[in-house]
Amino acid sequence: MDFNVKKLASDAGVFFNRAVQFTEEKLGQAEKTELDAHLENLIARADCTKNWTEKIFRQTEILLQPNPSARIEEFFYEKLDKKIPLRTTNGELLGQYMLDAARDFGPGTPYGSTLIIVGDYQRRLGGAEREFLQTSAINFLTPLRNFLEGDWRTISKEKRLLENRRLDLDVCKARLKKAKLAEAKAAAAPDFQETRPRNYVLSASASALWSEEVDKAEHELRVAQTEFDRQAEVTRLLLEGISSTHVNHLRCLHEFVEAQAVYYAQCHKHMQDLQKELRSANGDTVPNAFTMSPSTSAVSAGPSGLSSGPPAGASPPPRPPVSPSGLERSTLKIEEVQPPATGTRKAKVLYDYDAHDTSELSLMADELITVYTVPGMDPDWLMGERGNKKGKVPVTYLELLS
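Bear in mind that the values here come from a model prediction, so they are computed numbers and not experimental data. (Residues numbered from 1 in each chain as written. Predicted model: local features only at pLDDT ≥ 70, side-chain atom pairs only at ≥ 80, totals over all residues. Heavy atoms only, no water.)

### Some thoughts on the overall build of the protein
Here is step 1 of the chain: The number of helices and strands found in the protein is eight helices and five strands.
Here is step 2 of the chain: When the helices and strands of the protein are listed from N to C terminus, the series reads α-α-α-α-α-α-α-α-β-β-β-β-β.
Here is step 3 of the chain: Pairs at least 24 apart in sequence give 71% of the contacts found in the protein among residues at least 6 apart. (Helix = DSSP H or I, 4+ residues; strand = E, 2+ residues; numbered from the N terminus. Contact = heavy atoms within 4.5 Å.)

Right under this line is the structure:
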């Protein structure tokens, strides 16, 4: 190994001078060369891009793979440049468990045959999830990772080099300033009253030496200024490339959204097909969550606080039919109906509703009313009160509260 002591000493001296200059700048004891406003804006924009890209990348990783152990395993496989083994998705695993359970329970039994149907669709959902994860990793995560591990490392290296060139430039400026002060002091006229000729000769020699030192410092300053300007131009060109990075990430973001839309559309289709198949297989003999009426869902969601109203833009459900049974076969006199001593509840109105006759109560979305049941009334309807007004209201338009 070629060990150059002079180069090592020179590098150590440069590092020491930079450290001293940096410390004095922080203490306000030295002047600092400021970058031009355009370059400062480019650096701030690049730092902002790096920070948010890193956050988006990490959170997307968590979204696609919530298991931290699996993420660590995938990280090591990537660093070792090995192919990541295929991992069974949760949907596929659940579907396989259901199929195995159906074989034990008997595929000819109602429960076993339903497990086979649901298990098959769970495996389809798991396959759609696997395809979504692979597409998102290739089209969205990989470009973000390439920027953070490639382009940004190059930009960071050039930024550090620019900072070093700036420190060297300021060191040369400080050295030239000190040399000029010393030259001016040495060139001042000596006092000959009590001065020997030898002292005059020494003063003239010192003036010449400082003049040489000034020339040397000016030359070093010109070299440092040239290197600083060249490095500033290189860094500026790299930072201006951030705009193309934004364009590339925008395209990748569109592809990620498209992959999400395809995935959720597949899931929705699979679930609709599963609902139809279960209805055709079970008929009306087996109650299940798919065949529950919207009114049941609204009633059950109310007390638990899990329902927060309809999604934005949702259309109101159809008006439930009124069956001529019980109390409603006879003339229902609304003014004679009295609320029970117990059993009244508050309800939040989900949609606007216009009364069809005098026995019904018109509703406005988001208002609160009091509701209760009346013996013999159709189960799809409740008796509602708002102030001094009362009337029948459809359950599907309400969210029952505690």
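### Observations concerning unusual backbone geometry
Glycine aside, residues mostly have negative phi, and peptide bonds are mostly found in the trans state.
Here is step 1 of the chain: One non-glycine residue, Asp366, lies in the positive phi region at around 80°.
Here is step 2 of the chain: Turning to its location among the elements, Asp366 is positioned in the loop between β1 (345-349) and β2 (368-372).

### Quick look at the pairing of β1
Here is step 1 of the chain: Of the pairings in the sheet, the one linking β1 to β2 comprises four bridges and is antiparallel in character. Across the sheet, the residue bridging to Ala347 is Ile369, located in β2.
Here is step 2 of the chain: Pairing geometry for β1 and strand β5 (residues 398-400), over three bridges, is antiparallel. Bridge pairing links Lys348 to Glu399 in β5. (Pairing = 2+ DSSP bridges.)

### Regarding the confidence of the model for the protein
Here is step 1 of the chain: Here the protein averages 81 in pLDDT, while 76% of its residues score no lower than 70.
Here is step 2 of the chain: Across the protein, element-level confidence peaks in helix α2 (residues 37-64) with a mean pLDDT of 94 and bottoms out in helix α8 (residues 294-304) with 43.
Here is step 3 of the chain: Contacts for the low-pLDDT stretch residues 325-331, under 50 throughout, to residues beyond four places or in other chains number twelve contacts. (pLDDT = per-residue confidence, 0-100.)

### Regarding the side chain of Gln122
Here is step 1 of the chain: Looking at where Gln122 falls in the secondary structure, it is placed in helix α5 (residues 110-186).
Here is step 2 of the chain: Each residue touching Gln122, except ones within four places of it in the same chain, is listed here: Gly91, Glu92, Leu94, Gly95 and Met98.

### Observations concerning the packing of helix α4 (residues 90-105) against α5
Here is step 1 of the chain: Between α4 and α5, whose axes approach to 7 Å, the crossing angle comes to 165°. In this view, α4 runs roughly antiparallel relative to α5, as classed from their interaxial angle. Considering how the two elements wind past one another, α4 and α5 form a crossing that is left-handed.
Here is step 2 of the chain: Its residues assigned to classes, the contact of α4 with α5 shows ten nonpolar, eight polar and five charged. (Axes fitted to C-alpha atoms, helices over the stretch in contact; angles between N-to-C directions. Parallel < 35°, antiparallel > 145°, perpendicular 65-115°, else oblique. Left-handed = near helix turned anticlockwise from the far one by under 90°. Nonpolar A, V, L, I, M, F, W, Y, C, P; charged D, E, K, R; others polar.)

### Describing the packing of α2 against α5
Here is step 1 of the chain: At their nearest, the axes of α2 and α5 sit 10 Å apart, and the two run at 150° to each other. The orientation of α2 with respect to α5, classified from their angle, is roughly antiparallel. The two elements α2 and α5 cross, and the hand of that crossing is left-handed.
Here is step 2 of the chain: Across the contact of α2 with α5, the residue classes tally to 16 nonpolar, four polar and six charged.

### A look at the sheet that holds β2
Here is step 1 of the chain: Reading across the sheet, the five strands line up as β4-β3-β2-β1-β5 and stay open at both edges, with antiparallel pairing between neighbours. Two strands bound the open sheet, and with one partner strand each, they are β4 (389-394) and β5. With direction set aside, neighbouring strand axes in the sheet form an average angle of 40°.

### Brief notes about α4
Here is step 1 of the chain: Helix length check: α4 (16 residues) gives 22 Å between terminal C-alpha atoms against 22 Å at 1.5 Å per residue, within 8%.
Here is step 2 of the chain: By the burial criterion, the buried members of α4 are Gly91, Glu92, Gly95, Met98, Leu99 and Ala102. Viewed along the axis of α4, the buried residues span an arc of 125°, placing them on a single side of the element. With respect to the buried face of α4, the exposed residues turned more than 90 degrees away are Asn90, Tyr97 and Asp104.
Here is step 3 of the chain: Positive phi appears at Gly106, one or two residues downstream of α4, with a value of about 105°. (Expected span 1.5 Å × (residues − 1). Buried < 20%, exposed > 50% of the residue type's maximum accessible area, 1.4 Å probe, protein only. Arc of directions from axis to C-beta.)

### Comments concerning a nonpolar patch on the surface
Here is step 1 of the chain: A contiguous nonpolar patch, built from Leu250, Leu253 and Val257 and spanning about 260 Å² of accessible area, is present on the exposed surface.
Here is step 2 of the chain: We classify Val257 as partly exposed; its relative accessible area is 45%. (Patch = residues over 30% accessible without salt bridge, like charges linked within 9 Å, V, L, I, M, F, W, Y side chains within 5 Å. Areas by Shrake-Rupley, 256 points an atom, 1.4 Å probe, with all protein chains shown as cover. Salt bridge = Lys/Arg side-chain N within 4 Å of Asp/Glu carboxyl O.)

### Observations concerning the nonpolar core
Here is step 1 of the chain: Judged by nonpolar contacts, the single largest core of 35 residues is most densely connected at Leu35, Leu39, Phe132, Leu162 and Leu239.
Here is step 2 of the chain: Sorting the residues of this core by element identifies α2, α5, α6 (197-240) and α7 (242-282) as the ones contributing at least two each.
Here is step 3 of the chain: Take this core: its biggest share by element is 15 residues, from α5.
Here is step 4 of the chain: Excluding residues within four positions of it along the chain, Phe132 makes contact with Leu64, Phe256, Ala259, Gln260 and Tyr263.
Here is step 5 of the chain: Counting residues in each nonpolar core, the second largest holds 21 residues, with Val337, Ile369, Tyr397 and Leu400 among its members. (Core = buried A, V, L, I, M, F, W, Y, C linked by side-chain atoms within 4.5 Å.)

### Regarding the layout of surface pockets
Here is step 1 of the chain: The volume enclosed by the second largest pocket comes to roughly 390 Å³.
Here is step 2 of the chain: Surrounding the second largest pocket, 16 residues form its lining, Gln21, Glu24, Asp170, Ala174 and Arg175 being those nearest its centre.
Here is step 3 of the chain: Where the lining of the second largest pocket is concerned, the elements lending two or more residues are α1 (5-26) and α5.
Here is step 4 of the chain: When residues in the lining of the second largest pocket are grouped by element, the largest group, seven residues, is from α5.
Here is step 5 of the chain: Taken together, the residues of the lining of the second largest pocket sort by class into four nonpolar, four polar and eight charged. (1 Å grid on protein atoms, 1.4 Å probe; cavity = no way out; pocket = protein on both sides within 12 Å on 5 of 7 lines; lining within 4 Å. Points joined across faces, edges and corners; volume = space filled by probe spheres on them.)

### Comments concerning the packing of aromatic side chains
Here is step 1 of the chain: Tallied over the full model, the rule gives eight aromatic pairs.
Here is step 2 of the chain: Here Phe132 and Tyr263 contribute two aromatic rings whose centre-to-centre distance is 4.9 Å and whose plane-to-plane angle is 10°, an arrangement assigned as stacked. Residue Phe132 is found in helix α5, and its partner Tyr263 is found in helix α7; the two are separated by 131 residues along the sequence. Judged on exposure class, the residue Phe132 and its partner Tyr263 are both buried.
Here is step 3 of the chain: With centroids separated by 6.4 Å and ring planes inclined at 45°, the aromatic side chains of Phe147 and Trp152 adopt a geometry described as tilted. Exposure class is identical for Phe147 and Trp152. Each is buried.
Here is step 4 of the chain: Through pairs of rings, three or more aromatic residues link up here, namely Phe132, Phe140, Phe256, Tyr263 and Tyr264.
Here is step 5 of the chain: In this structure, Arg124 packs its charged tip against the face of Tyr121, placed 4.5 Å from the ring centre. (Phe/Tyr/Trp six-rings, centres within 6.5 Å; stacked < 30°, edge-to-face > 60°. Lys NZ or Arg CZ within 6 Å of the ring centre and 35° of its normal.)

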